Amino acid sequence: MQDSPPSGPLVVGIDVGGTKTHLRAVTGEGVVADHVRATSGWRPHEPAAAAGRLAALVREALPPGALPSAVAVGAHACETPAQCARIRVALRERLGVPVRVVGDAELLVPAAGLDKGVGLVAGTGSVAVGRLPDGTVVQVGGWGAVLGDEGGGAGLVREAARAVWAAHDRGEEPDALALGLLGSFGVSEVPALGAALESATDVSAEWGRHAPVVFTAAAEGSALAGAVIGDAARALAALVAALAARGVPVDDVVVAGGTVLGRPALYDAFTAALADALPGARPRPLTAPPVEGAVALARSLL
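Our subject in this report is the structure included herewith. Residue numbers restart at each chain and count upward from 1, following the sequence in its written direction. Restriction of local features to residues with pLDDT of at least 70 applies here, the model being predicted, together with a cutoff of 80 or more for giving and counting side-chain atom pairs; totals for whole chains, interfaces and linings are based on all residues. The side-chain values count all of the structure's non-hydrogen atoms but skip hydrogen atoms and water molecules.

**Observations regarding unusual backbone geometry**
For residues that are not glycine, phi is negative in most cases, and the peptide bond is trans in most cases. Spelled out, the test is: The classification of residues rests on relative accessible area computed with a 1.4 Å probe and restricted to protein chains. Under 20% of the type maximum is buried, over 50% is exposed, and intermediate values are partly exposed.
For Ala77, which is not glycine, the phi dihedral falls at a positive 65°. Of the residues examined, Ala77 reaches a relative accessible area of 26% and is grouped as partly exposed.

If you want it as structure tokens, here you go:
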């Protein structure tokens, strides 16, 4: 890290994720700032507020007197090009430099050093994004834990609860998945799981933190948990297939997110499902931090 203002163009990349925000600023001389903080108060549907937070983060993270030459942002829950454009305009007005704002899943392909491909995220939620040959962005999934996000942590917990309730209605005794959910949510019987899930104020985050229970139960032999994981893997592959059906090149699928990359049972099932659905698609686990994709996009603005 440098303590004095850098010489030469300084580009800033920002990855605003669901749980953490990562800013990285670089010049030709190397990294000038690398700043990670918890994501809080992020309101992408309010462009002025979102831009204000981003501008404040840039000022806080850069060395005294350092000014960016270009800024690129991958923004969680920035769901449409129009919404991202409104944040871009507001941020450009505050910083006075070229700015690009995209959904955070769009950072994956450039972070992997690729010019084209699909970015697939399965962390707390799930989403896939790619571009048509004419450059038009196409996003599928990402509908939130209540309606979608299959394959993400919160979606896994929702589907695990549904599987446990169905088993209860069939008169089956609680298995490892049911017992794990009861213990994790702190309730004594399966019917009480409904109220426990509905009491969440931040559904995605609060449901998602229980996802390890599903994988533990599967490892202990729960057929229900195994089926939930298998369904989640096929749902993730279906996101990529949906992009392919709309004309997006899917030769390379860059995969990120702690739920899918941190759990071999899900990742292996996903790659098998993807091979069945799209034999020519190559899954690529992302090894670089997504913020590197934002840095690459910022460089392209110079």
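**Remarks on the state of the cysteines**
What counts is decided by this rule: Two cysteine sulfur atoms form a disulfide, by the criterion used here, when they sit within 2.5 Å.
Counted by the stated rule, this structure contains one disulfide. The partner cysteine of Cys78 in its disulfide is Cys84, sulfur to sulfur 2.2 Å. Relative accessible area serves as the criterion here: at 4%, Cys78 is assigned to the buried category. A relative accessible area of 5% places Cys84 in the buried class.

**Details of the packing of aromatic side chains**
Test applied: For Phe, Tyr and Trp, where Trp contributes only its six-membered ring, two rings pair if their centres lie within 6.5 Å, and the inter-plane angle classes them as stacked under 30 degrees, edge-to-face over 60, or tilted in between. What counts as a helix is a DSSP run of H or I of at least four residues, what counts as a strand is a run of E of at least two, and both are numbered from the N terminus.
Across all of its chains, the model carries one aromatic pair by this definition. Where Tyr267 meets Phe270, the ring centres are 6.3 Å apart and the plane angle is 55°; that geometry is what we call tilted. One end of the pair, Tyr267, and the other, Phe270, are both in helix H11 (residues 264-277), three residues apart, so they sit about a helical turn from each other. The class of Tyr267 is buried, set by a relative accessible area of 15%. A relative accessible area of 0% places Phe270 in the buried class.

**Things to note about the sheet that holds strand E7 (residues 126-131)**
Selection rule: Think of it this way: DSSP has to see at least two bridges between two strands before they count as a pair. Axis lines are fitted to C-alpha atoms, over the contacting stretch for helices. Their N-to-C directions set the angle, which ranges from 0 to 180 degrees. Contacts between residues were defined by any pair of non-hydrogen atoms, one from each residue, lying within 4.5 Å.
Strand order in the open sheet made by the five strands is E8-E7-E6-E9-E10, with mixed pairing throughout. In this open sheet, the two strands that pair with only one neighbour each are strand E8 (137-141) and strand E10 (282-285). Across the sheet, the mean angle separating the axes of adjacent strands is 20° when strand polarity is ignored. With four bridges connecting them, strand E6 (residues 118-122) and strand E9 (residues 252-256) associate as parallel partners. Note that in E9 the partner of Gly119 across the bridge is Val254. Taken strand by strand, helix H9 (residues 223-245) contacts E6, E7, E8 and E9, and its axis lies near 25° from that of E7.

**Here's the deal with the sheet that holds strand E3 (residues 30-38)**
If you walk across this open sheet you meet the five strands as E3-E2-E1-E4-E5, and the pairing is mixed. A strand with exactly one partner marks an edge of an open sheet, and here the two such strands are E3 and strand E5 (99-103). Neighbour to neighbour, the strand axes of the sheet diverge by 10° on average, direction disregarded. Relative to E5, strand E4 (residues 70-75) runs parallel, the two sharing five bridges. Bridging from a neighbouring strand, Val71 pairs with Val99 of E5. Strands E4 and E5 of the sheet are contacted by helix H2 (residues 81-95), whose axis makes an angle of about 150° with E5.

**Focus on the environment of Ala178**
Looking at the secondary structure, you find Ala178 in helix H5 (residues 176-185). Considered as a pair, Ala178 and Leu193 are 15 residues apart in the sequence and their alpha carbons are 9.6 Å apart. Discounting chain neighbours no more than four positions away, the residues touching Ala178 are Val164 and Val190.

**Remarks on the pattern of salt bridges**
Under the convention used in this document: A carboxyl oxygen of Asp or Glu within 4 Å of a side-chain nitrogen of Lys or Arg is what we treat as a salt bridge.
In this structure the tally under the stated criterion is twelve salt bridges. A salt bridge links Arg24 to Glu292, with the shortest nitrogen-to-oxygen separation between them at 2.6 Å. Of this pair, Arg24 sits in strand E2 (residues 20-27) while Glu292 sits in helix H12 (residues 291-299), and the two are 268 residues apart along the sequence. For Glu292, a relative accessible area of 26% gives the class partly exposed. Here Arg158 makes a salt bridge to Glu150, at a shortest N to O gap of 3.8 Å. Several salt bridges share partner residues, and in doing so they unite Glu150, Arg158, Glu159 and Arg162 into one network.

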